[in-house]
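# A closer look at the structure
Residue strings, one per chain:
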Amino acid sequence: DKKRPYSDIDITAVIDGHSYIIEVKSSASNFGEKHRRDFVNLIARVQPERAVLAIMENLTDSKKERILGELQKCSGGWITAPSRNGSLWVTVSTR
């Protein structure tokens, strides 16, 4: 019986001395409650300076804000950065 990881990291990077983890989803519908919890737990465990959620669909501002609100709720409020402009990225600051 092998232990499976509870989550994976799609991309890790160090850019200009700052650590990032990046989660990529083809659509917001592929980022359900379990995925949100896993992403928040992964951020807490790895503790990058930035965590980026890249959703490859055109999101309205209200949908981005809803996703950010759901991440904030899962984190107990320690995810506080606003979503960035553009249609593909929601960025959260962990430090």
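First things first, this report covers the structure right here in the doc.

Rules of the game
- Here the residue numbering is sequential within each chain, running from 1 through the sequence in written order.
- Note on the predicted model: pLDDT of at least 70 is required for a residue's local features to be given, and 80 or more for side-chain atom pairs to be given and counted; whole-chain, interface and lining totals, by contrast, use all residues.
- Here the side-chain values reflect all heavy atoms present in the structure, with hydrogen atoms and water set aside.
- When a carboxyl oxygen of Asp or Glu lies within 4 Å of a side-chain nitrogen of Lys or Arg, that pair is called a salt bridge.
- Counting from the N terminus, the helices are DSSP H or I runs at least four residues long and the strands are E runs at least two residues long.
- Distance and chemistry together define a polar contact, namely a pair of N or O atoms within 3.5 Å, with one atom able to donate a hydrogen and the other to accept it when in protein, and with adjacent residues in sequence counting only for side-chain atoms on both sides.
- Contacts were defined at the residue level, with two residues in contact if any of their heavy atoms lie within 4.5 Å.

Below, the discussion takes up the pattern of salt bridges. Overall, the coordinates contain five salt bridges when judged by the stated rule. Linking K34 and D38 is a salt bridge whose minimum nitrogen-to-oxygen distance equals 2.6 Å. Of this pair, K34 and D38 both sit in helix α1 (residues 33–46), separated by four residues, roughly a single helical turn. In this structure, a network of salt bridges that share partners links the residues R36, R66 and E70.

Once that is clear, we can look at the side chain of E23. Secondary-structure assignment places E23 in strand β2 (residues 18–25). A polar contact is formed between the side chain of E23 and the side chain of K25, at a distance of 3.2 Å. Ignoring sequence-local partners within four residues, the contact set of E23 consists of D8, D10, F31, F39, V52, L53 and A54.

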